Structure formats: structure tokens, C-alpha cells
Amino acid sequence: MRLRGLPLHVLPRLPRLSLYLFPRLPHLRLYSPELRRLYDMEDRRVVVTHDEEAGSVGLSFRVRHSNIDRTFNLKRSTEEDLSSVLTRISSNIQKVLNKKKKKNEEPASVVPIDIKTHEGGVSVSKDMSCFECFVAQASQHYLDIGEQAYILDVNPPIVQTLELPKNVMAGFPVYPNKIEVANGKAEDSLFTWYKSDIKFSSDEEARAQMGKIKWLEMGTGYTCFTGNDDVGRLLKVLVKPRRGERVGEDTEMTSAVLVSAGPGECPFQRRHAVTKNLAGPNCLRVISYNILADQYADGEFARSNLFPTCPSYALDMDYRKQLLLKEISGYNGDVVCLQEVDEKVFMRDLQPALRGEGLEGIYTGKGGSVTEGVALFYRQSKLRLLENQRFILSEELQTNVMFSEIWEKVQASEVLKEKIVNRFTVLQVSVLESVEDPHQLVVVGGTHLYFRPEADHIRLLQAGLGLQILRQVMGLYQIKYPSKQVSLIFTGDFNSTPEFEVYRLMTSQMAGFDDIDWAEKEDECVSDVNFSHDLELASACGCPPYTNFTKGFYGCLDYIFYQTDHFSVKQVVELPSHEEVTQHEFLPSITIPSDHLALIADLEFKRK
């Protein structure tokens, strides 16, 4: 083995390199015993990775010598002598060669080990000990393994984790269930999708015939789209990681499941017929949708009591998120406000998939032990984000001087105080500027109020606090940009039907605790607390009979509140019919992925 390039004894130490150890390989179920990294034999390279804190270096390379074709992975200490490292490499290769030799054959010939650097014909002694220096300058050298020269590739982008979903349905988008790229970004990678030329009737048949498959290219891009003809086929994705001009080794993953048949036509596909085009100029398509967090659907109690009519497989997030993504992307929204968004679902599914549709997302978690929150997606071709803020309403009540009088009165009831303080209800506030007309600024509030049926007073308090915070943000931007029109859109799952005070506050500009019936909770009674505002607000989608339909309850809980003097409603997308909703008794179902229905309205700016 020869080392060619600059003399090691003059190599300076470089600044710290942020490199990774060898990637962890995920457990793959059926068809891929390991994550396959594809080394191009025409581009021989040793991938060098370095963890300075751990004091270790990884080396990965593929060797074709004599009768072996093998990828070698080593991890060595930076304190080790270079000669010792190279001897270990040679020893590992030699062991494999000897295992491959036939019976009665002589031991395999030794792979040449000759450590030399060349500078005007001057050689460096074999006991050189500067392994860390070698790593720092590795990109300036070649390694000779036998008679083959290898490029030393330091810190290339590497696919660290790659997983495909455990449920793949024809007619629905397929994308990596999880992808992590070291020394690069997953979204910069190149994706090529393939399908098996063979259709299989079962997993067992697929396992038995894996070696006979010919792979047919389907297309490129982060997302793959399947059709009914793909039912029974296997899918494979090949990922080429990139960072700028640097390209890492290709990595491939074969699906652990066959493509299965979808659920048939879903109610949202009928709604897509009127949203197939983007909203017109000077108009925003606004969506509000509680997508049912996995933590509330995944559990025996949820399956048996909350959603007993939905099959277990259809409650699984791997199933529901396929429907959710197809549904949301087909609405072609400009402002998409989601509630009950699992953080992992946002990061792994919603954000990368909807980014490909031209939507950028912001997640706002509730905090504490709760792993779900609200999210906003906005269309980048129409809107520019100026600011995003997160408000925990219970914290604002206690610390914001604007609410000091209300907080003083709430504390008079110890029971009420405890209930309110222990809530992590979040308000997401985003300020967006129209790209088409920078004169227009939109303050978008998104929230999900407390859900207990007997907690109307807590929801009123939360709604009142949220509205005042939004009004304050609007005022600050109006002062900052006096020539611009600042408008409000307030969306979410308010967990309150139209006959209660939350809706009254929004649409009639005033509501108070004195209007609440305290007969059953006198120890939580509050008096002389009223909320008011000067905004002309209305519900863009009106008050349908229900936006939430489960076995235990149905009613209108979701709203898109908008300023009637700043917007006009150009279109409201009709909700699914009652027959469609109840086709499988209650929500969610095999064709509707949440217990709520998405609200969709096109709002057109009014010029003042």
C-alpha cells in the first residue's frame, strides 16, 4: 500500500473538522438486510470521516483484489500510528482473501504495504506516527491498495439514515419515511425511484424472487407517485447526497412492503375538483385543518372508545399521512393552518413533502411533555414571512402587563387558577407580506383551544387573550408601516360551537364571564371580566352543522375568522356531504384521515 502526495512530516494541523462516524444503519424489515451504499468502481475512493471529540477516524472503501469484492469499514483512534493503521487495513484485507481461497490452495499473496510519500524522490520512513495530520490533509493524497489508486474523500455528504414507509398505497405519494444526511442536507439530495418488473402476490413470494427482479425507473424527485398498475410491486429509491458541488456515494433502499391497493375514491378528491387551480391574483386560499395527532389516535383507549368504527390500520399514522398529504396538497392553499401536528410528522412528512409543492412551513409546539402543536404553511410565490412568534397563553396571562388586571381576578379562584396555569395552549402568530402587492400585510393567528366540554370559561379566556395579542401585533406593524394595510386572519380548532361565548366574542366584538352559566362550577366563578375589540370579524365558512364528527360528539368547532372590511369571501369549498362523512359511520375512517374536516375559503383583498 502506497501513500502518494505531499510529505506527511510537513503537513500542518487544520482547524477542527465537523465530521461524523460511520452512519447508523436502521433495522430493515423484509428485503434489505442492510442499507446499501453503492461504490462506483470507476471512481475509487476511501471515505474518511473524523470525530475530533471522540478522537476517532472512520475509513470506508471497496476492494476488488484477486477473488474478492468487499467493502471494508474501520474505525481507528487518531492517536494511533499511521503505520499501525495501514497494517490493520492490510490485515483485514488479508483475512478476507484467505477465507476466499479454495481448499489445498496456498495462502493468498500478501497485499503490498509500502508507505511512501514523494517529494523530489525523498521517502518518509515507515514509522511515521502522524495519523491525525494524515487525516487533516487526506484530500491531497491518494492511497494505493494493491495496484489500485484510491481518492481520499474527506467529509463527503453521506446518507446516514434512510427509511421507506411501512404502508405504501397506489395513488398516494411515496417519499422517505425518514432520511438523515451527514455533512449535507436531505433536501439537496437527488432521488431516483424504481419499481420491480415483477408483481408479487405476497411478501414471501417477493423474498423468494428478489434476485430475479429487474428495476424499472419511475421518475426523480423527493416524492414518487404510484398508480393502480403498481399494486403488488416493490419500490426502490436511490439517493445521491449532495453538498454544493460535492456528491457522495449513492445509497439505495428497497421498500419493506409491496404496493397495496388504496381505499378507493376519497371525499376530498371531489373537493379537489374546485381547487385544482391556485387562487387568483389578489386572493389567498386559506385552509384550517385539525389533522388528529398520532398520540391521540395511537392507543387502545382511542381505538376502543374514541374511534371504534375506524379499522386499526386506518388509524395508523403511516396510513393516514398518505391521505393527509394528498388531501392538503390537492387544495393548493396559500395559507395552510394545521392543528394537532405531531412534531415528527411535521419534520419528516409535512415539511419536506409540502415544500415540494411550493409551501414553506413553521411548526409551533405546545411544549412540556406534549409533542404536538400547530403549524403554518405559506406559499412562497405569493407570501413572504416577516416574523413568527410563539405565545403560551397561560404564560402570557401571568407575565404580560397587558393582562395584569385579568390575572388578578383569576387568582381569586384557586381552582380556576390551577386549571388555567396547567394549560399549554399555544398561539402561533405569523406576519406575512404579499409578494404580488407589498402594500398588503397579513397577521395570521393559529391556535387550538382547550378541549374539555365543561371548560367554556377557559376557552373564552384563551380566545380573549389570543385576540388581544393579535390586535397588539397588528398595531405595532401598523405603526411601523403606516402606508400599508394590516389585516387579520385567525384560524384554528376553537373547541367551541357557535352558541357559546367564544364565537360571540369573535363576531360581535364583546363577551364576558358574566354571560357564562356558573351553576355547576361556582368555585371557578369570575366576575367583572370582559373582552372587547374593534375588529369586524366573521367566519369565512359560516357555521356548518359540524366540522368534527365522532361517535361521542359532532358540532362546529373549527373556524377561519377574517376581517370583513379587509377581505371579501370569493369562494368557500363545500364540505363533504353527510353521506360521505357517515359512509363508514364516524370519523376518522378509511377515506377521511381525521376526526375533523378541513375548512377552505378564498379571501380576496379589499383595497382601501
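Everything numeric here is computed off the predicted structure, so don't read it as measured data.

Quick look at the overall build of the chain now. Scanning the chain from terminus to terminus reveals 15 helices and 33 strands. Taking all 608 residues of the chain together, 55% fall into the buried category. Residue pairs at least 24 apart in sequence account for 72% of intrachain contacts in the chain once pairs closer than 6 positions are excluded. On the chain, roughly 27000 Å² of surface is accessible, and the fraction owed to carbon and sulfur atoms is 48%.

Further remarks concern the nonpolar core. By size, the foremost hydrophobic cluster in this structure holds 57 residues, and its most contacted members are Val-237, Tyr-289, Leu-338, Val-341, Leu-350 and Phe-377. Here this core gets 6 residues from one element, more than from any other, and that element is helix α8 (residues 317–330). Ignoring sequence-local partners within four residues, the contact set of Val-341 consists of Ile-291, Phe-346, Leu-350, Tyr-363, Thr-371, Glu-372, Gly-373 and Ala-375. Formed by 47 residues, the second largest nonpolar core is a distinct cluster that contains Leu-393, Leu-449, Ala-511 and Tyr-559.

A word on the confidence of the model for the chain. Reading fine detail from the predicted coordinates is not recommended where pLDDT is low. On average, residues of the chain score 86 in pLDDT, and 86% of them reach the 70 mark or higher. Predicted confidence for residues 1–34 stays below pLDDT 50, and this span has 121 contacts to residues more than four positions away or in other chains.

Turning our eyes to something else, we now look at the sheet that holds strand β31 (residues 558–563). The strand order across the open sheet formed by 6 strands is β22-β23-β24-β25-β31-β28, and the pairing between neighbours is mixed. The open sheet terminates on both sides in strands that have one partner only, identified here as β22 (383–392) and β28 (537–539). Going from strand to strand, the sheet's axes swing by 20 degrees on average, the running direction of each strand aside. As defined by bridge partners, β28 adjoins β31 across 3 bridges and the pair is classed as antiparallel. Within β31, the position partnered with Ser-539 by the bridge is Phe-561. Against the sheet, helix α13 (residues 456–480) engages β22, β23 (426–434), β24 (440–448), β25 (485–493), β28 and β31, with an angle of about 155 degrees to β25.

If you trace the 6 strands from one edge of the open sheet to the other, you get β20-β21-β19-β18-β33-β32, paired in mixed fashion. Where the open sheet ends on each side, the last strands, each with one partner, are β20 (359–367) and β32 (567–572). Each adjacent strand pair in this sheet contributes to an overall mean axis angle of 25 degrees, direction not counted. As paired elements, β32 and strand β33 (residues 599–605) share 5 bridges and run antiparallel to each other. Residue pairing across strands places Gln-571 opposite Asp-602, the latter belonging to β33. Where helix α9 (residues 343–355) meets the sheet, it contacts β19 (335–342), β20 and β21 (370–379), and its direction lies at approximately 170 degrees from that of β20.

Interaxial distance between α13 and helix α14 (residues 501–508) falls to 8 Å at its minimum, and their mutual angle equals 25 degrees. With respect to α14, the axis of α13 lies roughly parallel. Listed contacts from α14 to Arg-459, Leu-460, Ala-463, Gly-464 and Leu-467 of α13 are Glu-501, Val-502, Leu-505 and Met-506. Taken together, the residues of the contact of α13 with α14 sort by class into 6 nonpolar, 1 polar and 2 charged.

Thresholds applied
- Residues numbered from 1 in each chain as written.
- Predicted model: local features only at pLDDT ≥ 70, side-chain atom pairs only at ≥ 80, totals over all residues.
- Heavy atoms only, no water.
- Helix = DSSP H or I, 4+ residues; strand = E, 2+ residues; numbered from the N terminus.
- Buried < 20%, exposed > 50% of the residue type's maximum accessible area, 1.4 Å probe, protein only.
- Contact = heavy atoms within 4.5 Å.
- Areas by Shrake-Rupley, 256 points an atom, 1.4 Å probe, with all protein chains shown as cover.
- Core = buried A, V, L, I, M, F, W, Y, C linked by side-chain atoms within 4.5 Å.
- pLDDT = per-residue confidence, 0-100.
- Pairing = 2+ DSSP bridges.
- Axes fitted to C-alpha atoms, helices over the stretch in contact; angles between N-to-C directions.
- Parallel < 35°, antiparallel > 145°, perpendicular 65-115°, else oblique.
- Nonpolar A, V, L, I, M, F, W, Y, C, P; charged D, E, K, R; others polar.

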